[in-house]
Amino acid sequence: MNTILYILGIVAWISWMGIFAWLAVEGYKKVGKIEKVEIVKKA
Amino acid sequence: MEEESILLLCAILYLVVTAGISRYVGWKYHPVKKIVDYTVGGRQVGLTLMAATFVATWCSSYTIFACGETSYTVGLSGMIWYPVGVAGPVLATFAIARWVKRKVPAGWTLGDYVGTLWGTRCRLIVAGIVILAMLFEVTAAIFAGSSLVHELTGFPVILGALILGGTFIFYTTLGGLWAVLFGDLIRVCTFLLIGLVAVPILLSKAGGFSVIYNALPPNFFDVNAWGIADMQNFWLLLFGYTAGSAAVWQRVFAARDEEVVEKGFLTFALGWFPFAICGGILGMLARVVTTEEILPAMAVGTTVDMLAPFGLEVLLLIGLLAVITSSADSFFNAAVSTWVIDFEHKTFRRGSSDKVILRDAKIFALLFGAFAIFCAGYVRSIINLLQYNSYIFMGIVFVICASVFWDKMTRNGAFIGMIGGLTVSLGGYVLQWPPLLATLLSVGICAVLSVGISLIDREEMKITYSSPPEISKRAFSPKTVYIMYAILALIASYPLWTALIWGSEVVIAPFWLTVLIMALGPIGCLALVGQLVYYGYRDLKYVKEGIQ
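Residues numbered from 1 in each chain as written. Chains lettered and ligands numbered in written order. Predicted model: local features only at pLDDT ≥ 70, side-chain atom pairs only at ≥ 80, totals over all residues. Heavy atoms only, no water.

1. Re the pattern of salt bridges
Residues and elements named next belong to chain B.
Okay, so step 1: Summed over the entire model, instances satisfying the criterion amount to 17 salt bridges over all chains.
Okay, so step 2: As a salt-bridge pair, R98 and E262 come within 2.7 Å of each other at their nearest N and O atoms. Of this pair, R98 sits in helix α5 (residues 76-103) while E262 sits in helix α11 (residues 258-289), placing them 164 residues apart in sequence.
Okay, so step 3: Residue R349 pairs with D360 through a salt bridge whose shortest N-O separation is 2.7 Å. Of the two residues, R349 is situated in the loop between α13 (310-348) and α14 (354-376) and D360 in helix α14; the sequence distance between them amounts to 11 residues.
Okay, so step 4: R349 sits in the partly exposed class, given a relative accessible area of 31%.
Okay, so step 5: Where salt bridges share partners, they join D112, R123, D342 and K346 into one cluster. (Salt bridge = Lys/Arg side-chain N within 4 Å of Asp/Glu carboxyl O. Helix = DSSP H or I, 4+ residues; strand = E, 2+ residues; numbered from the N terminus. Buried < 20%, exposed > 50% of the residue type's maximum accessible area, 1.4 Å probe, protein only.)

Rendered as structure tokens:
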């Protein structure tokens, strides 16, 4: 039981850091300056 | 002259002289002419001041006393987990900061960013929360500083509050962000002295590392005694607190470019650890110098009382005052900037000249400061104020993160999500729910409401971006960023993988490892000095030659 919890713990921690690492690197490459914000009605 | 009077005189002298220098340097090199100078330093802040202000703002009296308290109670593991616990949320916020600086290079405040996306309702909610939260922060800091002076000298708390509050209100009100930044640099240098001078002296007075290692029971050196399992809520709260901090966002917008944000954040994530370890050492020494059971919160004070010669007591007092005022002035300035931008410049006084708004800023600053000093006279517990602050941020942190990473959130979704999150987080605080439950519920409710309403909303957001620029050569390479996160992930999960490999949760650190961990306090201080000097060199080069 403890081993499973430990492995889950590692996975959770690495995923949490991994998501932010991905956002800071891969996501960041596609980010540009906000030029315009519009509100549009859904069709 | 009695020792108490000399201590008091030194404290007052330190506060007045540093306030004078902060104001003078700010006035001489960066006079405030426009709102942009006052609130975001003209968006021209360089590496040295950015790195120093991040460390100074985030190191508070809590850093020293809470780390000392934990080390006194649980031993070596307390010293490890505070720095790791702070570095995690800061590195997570790094991703947010990178995006925000790219998306809104000419931003102002957290409220302004939210308002740009979702309109005045959301702007005013966030700005209101920021001002309230900053009021608690400033009140808690004034109370902590004046109580410290009262304990050591018997000086009345309210008079201490007036002097302490009066000094940083003076230079922050007149000089805006630049005065705060110069003040923070002076204060970082002051509390680096504690790590480089006071802690080694106290360690040697206690008999050195081997005396400590032999005097305390082995379980005190169990690196897993306290840590990852105890820190879940701390991590979540601190992430909300960091990602939602108006002072952090203000600094991101004030940076002259993306490189300053990145390098500032690296120092931000690492700069806390030397001070946390130094606080931990002072706390642990209390176990050695007295066999009596003392209140853990008094551990640092006990070590200083029993070991420090008078000259060192003076240094420690001004160091602690530096730690307290450097956080207080940043939060104070963040509150004033939020008022100026979100309530005046962008909402109720649109079109007014900079001169009029700057005059209003100074009036608001004086009123806000006076009210904070008044409140400090009535505070009974700092912890309650700070807890409340953390909870309030948890109510809105999901929406703030979504504003950066998810473009589909609508005005109604953000507004209702924030109201729902705040209601639950405050309800949890008032009804005293278990902390982790209250935190998770407030984030969860905020997430469900904001995403759900956004998806069924009749209106949708259409955000147009310019094409992404080339990533500057001075920016961190993808490899560097991944390595940074991987190192932290590896360190923070050590209790898990060591338990898996060694088959035991109890890992007693040998003598050499204990020495290494404790030595990281003063060594880290030295590294921080080196980093600030290098950044100073880079900034001078930038100013003289315009080198990118």
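2. Some details on the nonpolar core
All names here are of chain B.
Okay, so step 1: Counting 200 residues, the largest nonpolar core has F265 and Y485 as its most contacted members.
Okay, so step 2: At 23 residues, the largest contribution of residues to this core is made by helix α6 (residues 110-153).
Okay, so step 3: Excluding residues that lie within four positions of it along the chain, F265 makes contacts with F54, V90, T93, F94, A97, V248 and V252. (Core = buried A, V, L, I, M, F, W, Y, C linked by side-chain atoms within 4.5 Å. Contact = heavy atoms within 4.5 Å.)

3. Considering helix α21 (residues 511-545) of chain B
Given 3.6 residues to a turn, an α-helix orients residues that are three or four positions apart in the same direction.
All names here are of chain B.
Okay, so step 1: Taking 1.5 Å of rise per residue, 35 residues should cover 51 Å, and α21 covers 50 Å from first to last C-alpha, within 8% of that figure.
Okay, so step 2: Considering bend angle alone, the principal kink of α21 is centred on G521 and spans about 40 degrees; proline P522 follows within four residues of it.
Okay, so step 3: Those residues of α21 that fall on the buried side of the exposure criterion are T514, I517, M518, A519, G521, P522, G524, C525, L528, L532, Y535 and D539.
Okay, so step 4: Here the buried face of α21 lies against α3 (47-58), α5, α7 (157-205), α8 (208-215) and α11. (Expected span 1.5 Å × (residues − 1). Bend = angle between axes of the 7 residues up to and from the residue.)

4. Some remarks on the interface of chain B and chain A
Okay, so step 1: Between chain B and chain A, the residue contacts involve 47 residues of the former and 33 residues of the latter.
Okay, so step 2: Counting the contacts that link chain B with chain A gives zero salt bridges.
Okay, so step 3: Elements supplying a minimum of two residues to the side of chain B that touches chain A: α5, α6, α9 (232-243), α11, α18 (435-456), β1 (459-465), α19 (478-492) and α20 (494-502) of chain B.
Okay, so step 4: With eight residues, α5(B) is the largest single contributor of residues to the side of chain B that touches chain A.
Okay, so step 5: Within the side of chain B that touches chain A, the residues separate by chemical class into 29 nonpolar, six polar and 12 charged. (Nonpolar A, V, L, I, M, F, W, Y, C, P; charged D, E, K, R; others polar.)

5. Observations regarding the packing of aromatic side chains
Residues and elements named next belong to chain B.
Okay, so step 1: On inspection of all chains with the given rule, the structure shows 32 aromatic pairs over all chains.
Okay, so step 2: The rings of F54, W58, F94, Y241, F265, F268, F393, F476 and Y485 are connected pair by pair, giving a single aromatic cluster.
Okay, so step 3: Above the face of the Y72 ring, R287 is positioned so that its terminal group lies 4.0 Å from the ring centre. (Phe/Tyr/Trp six-rings, centres within 6.5 Å; stacked < 30°, edge-to-face > 60°. Lys NZ or Arg CZ within 6 Å of the ring centre and 35° of its normal.)

6. Considering the environment of L135(B)
Residues and elements named next belong to chain B.
Okay, so step 1: One can find L135 in helix α6.
Okay, so step 2: A sequence separation of 141 residues divides L135 from A276, and the C-alpha atoms of the two residues are 25 Å apart.
Okay, so step 3: Apart from residues lying up to four places away in sequence, L135 is in contact with F368, F371 and A372.

7. Here's the deal with the side chain of S493(B)
Okay, so step 1: Assignment of secondary structure puts S493(B) in the loop between α19 and α20.
Okay, so step 2: A polar contact of 2.7 Å, which involves the side chain of S493(B), links it to the backbone oxygen of A489(B). (Polar contact = N/O pair within 3.5 Å; in protein donor to acceptor, adjacent residues only side chain to side chain.)

8. Things to note about the packing of helix α1 (residues 3-29) of chain B against α6(B)
Residue and element names in this part refer to chain B.
Okay, so step 1: Direction vectors running N to C along α1 and α6 enclose 155 degrees, while the axes themselves pass 9 Å from each other. Here α1 lies roughly antiparallel to α6, going by the angle between them. From α1, E4, L7 and L8 reach across to α6, where they touch V149, L152 and T153.
Okay, so step 2: Of the residues belonging to the contact of α1 with α6, the class tally is four nonpolar, one polar and one charged. (Axes fitted to C-alpha atoms, helices over the stretch in contact; angles between N-to-C directions. Parallel < 35°, antiparallel > 145°, perpendicular 65-115°, else oblique.)

9. Here we look at the environment of L49(B)
Residues and elements named next belong to chain B.
Okay, so step 1: Along the chain, L49 falls in helix α3.
Okay, so step 2: Linking L49 and L532, residues 483 residues apart in sequence, is a C-alpha distance of 8.6 Å.
Okay, so step 3: Those residues in contact with L49, other than ones at most four positions away along the chain, are W178, L181, F182 and L185.

Treat this as a map of the structure, not an account of what it does.
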